[in-house]
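# What the coordinates show
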Amino acid sequence: MNYKDEDKRIDNSSGYERIDNFDEEKTEKLTELYREILLTLGEDVNREGLFKTPLRVAKSMQYLIHGYNTEPAEIIRSAMFKEEYSQMVLVKDIEIYSLCEHHMIPFIGKAHVAYIPNGYITGLSKIARVVEAFARRLQVQERLTVQIRDCIQETLNPLGVAVVIEAKHMCMIMRGIQKQNSVTTTSAFTGAFLRETKTREEFIHLIGQKLH
Ligand SMILES: [Zn+2]
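Notes on the structure in this doc start here. (Residues numbered from 1 in each chain as written. Predicted model: local features only at pLDDT ≥ 70, side-chain atom pairs only at ≥ 80, totals over all residues. Heavy atoms only, no water.)

### Here we look at a negative patch on the surface
The condition that has to hold: Any residue with relative accessible area above 30% and no salt bridge may belong to a patch, with like charges joined within 9 Å and the nonpolar Val, Leu, Ile, Met, Phe, Trp and Tyr side chains within 5 Å. Accessibility throughout is a Shrake-Rupley quantity obtained with a 1.4 Å probe, and a residue counts as covered only by protein chains that appear here. The salt bridge criterion pairs a side-chain nitrogen of Lys or Arg with a carboxyl oxygen of Asp or Glu, the two atoms within 4 Å. When charges are counted, Lys and Arg contribute as positive and Asp and Glu as negative, whereas His and the chain ends are disregarded. Here the site of a charge means atom NZ of a Lys, CZ of an Arg, CG of an Asp or CD of a Glu. Strands here are runs of E lasting at least two residues and helices are runs of H or I lasting at least four, both read from the DSSP assignment and numbered beginning at the N terminus.
On the surface, a cluster of negative charge is made up of Glu24, Glu28, Glu32 and Glu36. By the secondary structure assignment, Glu32 is in helix α2 (residues 24-40).

Next comes the structure, spelled out in structure tokens:
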């Protein structure tokens, strides 16, 4: 199979693809560059533990930003269902593993996403898929929050969308000011969540509740 065609292919029925094979040319080039980086850092690239590291990093970096090969809006459009339900739909505690674009160091945390349907709902797993599709890129938490909100608003056209992300940034924890326990919270709202304090408060109350 020609790997390059495979690499760029997006499954249009679902809008996302699994990456478990890698662009050969890109992998080769990255391996070379990571080897160069290790050398520049003063490492012995021929010692046992490091010998295959450039190749491993080349593959893992491609995996960590595989969200660029996804079409988040398609993920939702592939599973939209007409439904009269018009109360808040909330998906809590969606795990986030992203890379801060300033340091290329992970930030990890949780996203809470809610919407109020306006004739259409989507599969619950699709919400988590959308979060994943945007998180697996070079990101800042602020933009990630807004992209998730806008994607859901523009596809489902609900009465409102709410997104809250809480994350720990390894670039703050491991380097620089070394604030070990700081958590960054970002939020973005549309529609009813913006206009109606009560609706927003209900959302905030629900994401704070422990039901399990
Ligand atoms: Zn950073």
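### Side note on the environment of Val163
The condition is simple: Each residue is assigned to one of three classes by its accessible area relative to the maximum for its type, calculated with a 1.4 Å probe on protein chains only: buried under 20%, partly exposed between the two thresholds, exposed over 50%. By definition in these notes, contact holds between two residues if any of their heavy atoms fall within 4.5 Å.
The residue Val163 is located in strand β6 (residues 160-169) in this model. The buried category is assigned to Val163, whose relative accessible area is 0%. Sequence separation of Val163 and Thr190 is 27 residues, and the distance between their C-alpha atoms is 9.3 Å. The contact partners of Val163, leaving out residues within four places of it in the chain, are His112, Val113, Thr145, Ile148, Arg149, Thr186, Ser187, Ala188 and Phe203.

### Observations concerning unusual backbone geometry
Positive phi outside glycine occurs at Met104, with the angle close to 55°. On the secondary structure map, Met104 appears in the loop between β2 (89-100) and β3 (105-116). With a relative accessible area of 43%, Met104 lands in the partly exposed category. In this structure, Asn157 is a non-glycine residue whose phi angle is positive, near 45°. Checked against the element boundaries, Asn157 lands in the loop between α7 (141-156) and β6.

### Description of the sheet that holds β3
Formally: Here, any two strands with at least 2 DSSP bridges between them count as paired. To get an axis, a line is fitted to the C-alpha atoms, and for a helix only the part in contact is used. The angle between two axes follows their N-to-C directions and goes from 0 to 180 degrees.
Ordered in space as β5-β2-β3-β6-β7, the five strands form an open sheet in which the pairing is mixed. In this open sheet, the two edge strands, each paired with only one partner strand, are β5 (138-139) and β7 (184-189). Relative to β6, β3 is paired through ten bridges, and the arrangement is antiparallel. The residue of β6 that forms the bridge with Lys110 is Glu166. Running at roughly 20° to β2, helix α6 (residues 124-135) makes contact with β2, β3 and β5 of the sheet.

### Here's the deal with the coordination of the zinc ion
How we decide: Distances decide who is a donor: an N, O or S atom must be within 2.8 Å of the metal, or within 3.2 Å for Na, K and Ca. Water is not included, so sites may look incomplete.
The zinc ion binds to the protein through Cys100 (SG), His103 (ND1) and Cys171 (SG), with metal-donor distances spanning 2.1 to 2.3 Å. Of note, the zinc ion draws all its donor residues from one chain, in the sequence arrangement C-x2-H-x67-C. With Cys100 in strand β2 and Cys171 in helix α8 (residues 170-173), the pair connects residues that are 71 residues apart, well separated along the chain. Accessibility classification places Cys100 together with Cys171 in one group, the buried group.

### Some words on the packing of α6 against α7
Formally: Each angle receives one of four descriptions, namely roughly parallel if under 35 degrees, roughly antiparallel if over 145, roughly perpendicular if within 65 to 115, and oblique otherwise. In this scheme the crossing of two helices becomes right-handed for a clockwise turn of the near helix relative to the far one and left-handed for an anticlockwise turn of less than a right angle.
Remark: α6 packs on α7, axes separated minimally by 10 Å, with the N-to-C direction vectors making an angle of 135°. Considering their axes alone, α6 and α7 lie oblique with respect to each other. Between α6 and α7 lies a crossing whose hand is right-handed. For the pair α6 and α7, the contacting residues are Ile127, Val130, Val131, Phe134 and Ala135 in the first and Leu144, Gln147, Ile148, Cys151 and Ile152 in the second.

### Observations concerning the side chain of Thr186
Note the following rule: In the analysis that follows, any N or O atom pair within 3.5 Å is treated as a polar contact, provided that within protein one partner can donate a hydrogen and the other can accept it, and provided that, for residues neighboring in sequence, both atoms belong to side chains.
One can find Thr186 in strand β7. At 2.7 Å, the side chain of Thr186 and the side chain of Thr145 are in polar contact. In contact with Thr186, other than residues within four places in its own chain, are Gln141, Glu142, Thr145, Val163, Val164 and Ile165.

### With respect to the pattern of salt bridges
Enumeration over the complete set of coordinates arrives at five salt bridges. When the shortest N-O distance is used, the salt bridge between Glu43 and Arg47 registers 3.1 Å. For Glu43, a relative accessible area of 32% translates into the label partly exposed. A relative accessible area of 41% places Arg47 in the partly exposed class.

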